[in-house]
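Residue strings, one per chain:
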Amino acid sequence: MSFLEVKNVSKTFEEEGRKYTVLGNISFSVEKDEFIAIVGPSGCGKSILLRILSGIDLPSSGQVLFENEPIETSNPRVATIFQNFALLPWMTVEENVELGLYAQKMPSDKRKITVEKFINIVGLDGVENAYPRELSGGMKQRVGIARALAVDPALIVMDEPFSSLDSLTATNLREELLLLLQDQSLPPDSLVMVTHNIEEAVYMADRIIVLSNPPARIIAQLKISLPRPRDMKSEAFVNDVDKVYSLMT
């Protein structure tokens, strides 16, 4: 049994009497301890697919099974890391990380311990009382990562989480996230990331799912077997990047 199963998922929108299909009959599975990257042309529905995986949106047809149960509403065991950070500007770092724990009705003493733990893990200790306007882009995304980890999710979905950051900050955060994922004492069990950056997908993922133009279908699924940490200058890495580019073009 797969950890997450996407079965014949399609998504159609209707506007001014016309129907527009974004996702067409998408099927794939995610195993435990697997990092999946989804790539495809701009506008092919990658972000919509992530919303369906988390239960924020529902497919027009087909279904998503999470631990063999259909996802029909927002799933509390799935956390999202957003491209635009999605922090509440009137809340401090500590309060933003604490948000999901309120929804879980966690007692205040346990909330405090949990928030402190994950703020420390992502390297934000000392700025707990800062507001988003006082933070750099990288620090804001660290808040988003801490907030996602704090709710102890089984699955994290990430929507282009590094695309708003400068190159050096993005590189550092990718490395830090991969190190966190190696710690078996920390969540999540699996991770699904949407990205337009092919090198990023090959660097981070265990498997890459390539989508076509809309109505998006799966062109290919490419397993990345390179050992970590991956050398982006190696011939094997460059070959895998070229494979993904050729599939998309």
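Predicted, not measured: the structure shown is a model, and the values here were computed from it.

Calculation rules
Residues numbered from 1 in each chain as written. Predicted model: local features only at pLDDT ≥ 70, side-chain atom pairs only at ≥ 80, totals over all residues. Heavy atoms only, no water. Helix = DSSP H or I, 4+ residues; strand = E, 2+ residues; numbered from the N terminus. Buried < 20%, exposed > 50% of the residue type's maximum accessible area, 1.4 Å probe, protein only. Contact = heavy atoms within 4.5 Å. Pairing = 2+ DSSP bridges. Axes fitted to C-alpha atoms, helices over the stretch in contact; angles between N-to-C directions. Salt bridge = Lys/Arg side-chain N within 4 Å of Asp/Glu carboxyl O.

**Some remarks on the side chain of Asp 240**
So, step 1. Position of Asp 240 relative to the elements: it lies in helix α7 (residues 235-248).
So, step 2. Residue class for Asp 240 comes out buried when judged on its relative accessible area of 8%.
So, step 3. If we skip the residues at most four places from it in the chain, Asp 240 touches Val 202, Leu 222, Ile 224 and Leu 226.

**A word on the sheet that holds strand β7 (residues 155-159)**
So, step 1. The sheet built from 6 strands is open, its strands ordered β6-β7-β8-β3-β9-β10 with mixed pairing. At either end of the open sheet lies a strand with only one pairing partner, and these are β6 (78-81) and β10 (218-223). Between one strand axis and the next, the sheet turns through 15° on average, direction left out of account.
So, step 2. By the bridge criterion, 5 bridges tie β7 to strand β8 (residues 190-194) in an arrangement that is parallel. Pairing of Ile 156 across the sheet is with Leu 191, part of β8.
So, step 3. Strands β3 (35-39), β9 (207-211) and β10 of the sheet are contacted by α7, whose axis makes an angle of about 175° with β10.

**Some remarks on helix α1 (residues 46-54)**
So, step 1. Counting buried positions along α1 gives 7 out of 9 residues, so the element sits mostly inside the fold.
So, step 2. Those residues of α1 lying buried are Lys 46, Ile 48, Leu 49, Leu 50, Ile 52, Leu 53 and Ser 54.
So, step 3. A positive backbone phi angle near 85° is found at Gly 55, which sits one or two residues after α1.

**Considering the pattern of salt bridges**
Any two side chains of opposite charge can pair, given that their charged atoms come close.
So, step 1. Taken as a whole and assessed by the stated rule, the structure comprises 9 salt bridges.
So, step 2. Of the charged contacts in the structure, one is a salt bridge between Lys 112 and Glu 116, with a shortest N-O distance of 3.3 Å. Note that Lys 112 and Glu 116 are positioned in helix α3 (residues 108-121) at a spacing of 4 residues, about one turn of the helix.
So, step 3. Exposure remark for Lys 112: the relative accessible area of 49% places this residue in the partly exposed category.
So, step 4. Notably, a salt bridge pairs Arg 174 with Glu 200, separated by 2.7 Å at the nearest N-O pair. With Arg 174 in helix α5 (residues 167-182) and Glu 200 in helix α6 (residues 198-204), this residue pair connects regions lying 26 residues apart in the sequence. Taken as a pair, Arg 174 and Glu 200 share a single burial class, namely buried.

**Concerning the pairing of β3**
So, step 1. Burial analysis of β3 places 5 of its 5 residues in the buried class, which makes it a mostly covered element.
So, step 2. Burial along β3 is two-sided: Phe 35, Ala 37 and Val 39 and Ile 36 and Ile 38, pointing in opposite directions, are all buried.
So, step 3. Bridge count between β3 and β8: 4 bridges; the pairing is parallel. Bridge pairing in β8 links Ile 36 to Val 192.

**Here we look at the environment of Lys 110**
So, step 1. Here Lys 110 is to be found in helix α3.
So, step 2. According to the relative accessible area criterion, Lys 110 is partly exposed, its value standing at 49%.
So, step 3. Along the backbone, Lys 110 and Gln 184 are 74 residues apart, and their C-alpha atoms lie at a distance of 21 Å.

**Focus: the environment of Gly 62**
So, step 1. With respect to the helices and strands, the residue Gly 62 is situated in strand β4 (residues 61-66).
So, step 2. Taking the relative accessible area as the measure of exposure, Gly 62 reaches 42% and is therefore partly exposed.
So, step 3. Spatially, the C-alpha atoms of Gly 62 and Ser 163 are 30 Å apart, while their sequence positions differ by 101 residues.
So, step 4. Not counting chain neighbours up to four residues away, the residues in contact with Gly 62 comprise Lys 7, Asn 8 and Val 9.

**Details of the sheet that holds β4**
So, step 1. In space, the 4 strands of this open sheet follow the order β2-β1-β4-β5, with antiparallel pairing throughout. Two strands in the sheet have a free side with no partner beyond their single neighbour: β2 (18-30) and β5 (69-70).
So, step 2. Sheet analysis places strand β1 (residues 4-15) next to β2, joined by 9 bridges and oriented antiparallel. Pairing of Val 6 across the sheet is with Phe 28, part of β2.
So, step 3. α1 rests against β1, β2 and β4 of the sheet, and its axis sits at about 60° to β2.

**Focus: unusual backbone geometry**
So, step 1. In this structure, Pro 188 follows Pro 187 across a cis peptide bond, with omega equal to 0°.
So, step 2. Residue Arg 228 is joined to Pro 229 through a cis peptide bond whose omega torsion reads 0°.
So, step 3. Secondary-structure assignment places Pro 229 in the loop between β10 and α7.
So, step 4. Of note in this structure, Asn 25 is not a glycine but carries a positive phi near 60°.
So, step 5. The topology assignment puts Asn 25 in strand β2.
So, step 6. Accessibility expressed as a relative area gives 47% for Asn 25, which makes it partly exposed.
So, step 7. Although it is not a glycine, Ala 86 sits at a positive phi angle of roughly 55°.
So, step 8. Mapped onto the secondary structure, Ala 86 falls in the loop between β6 and α2 (93-103).

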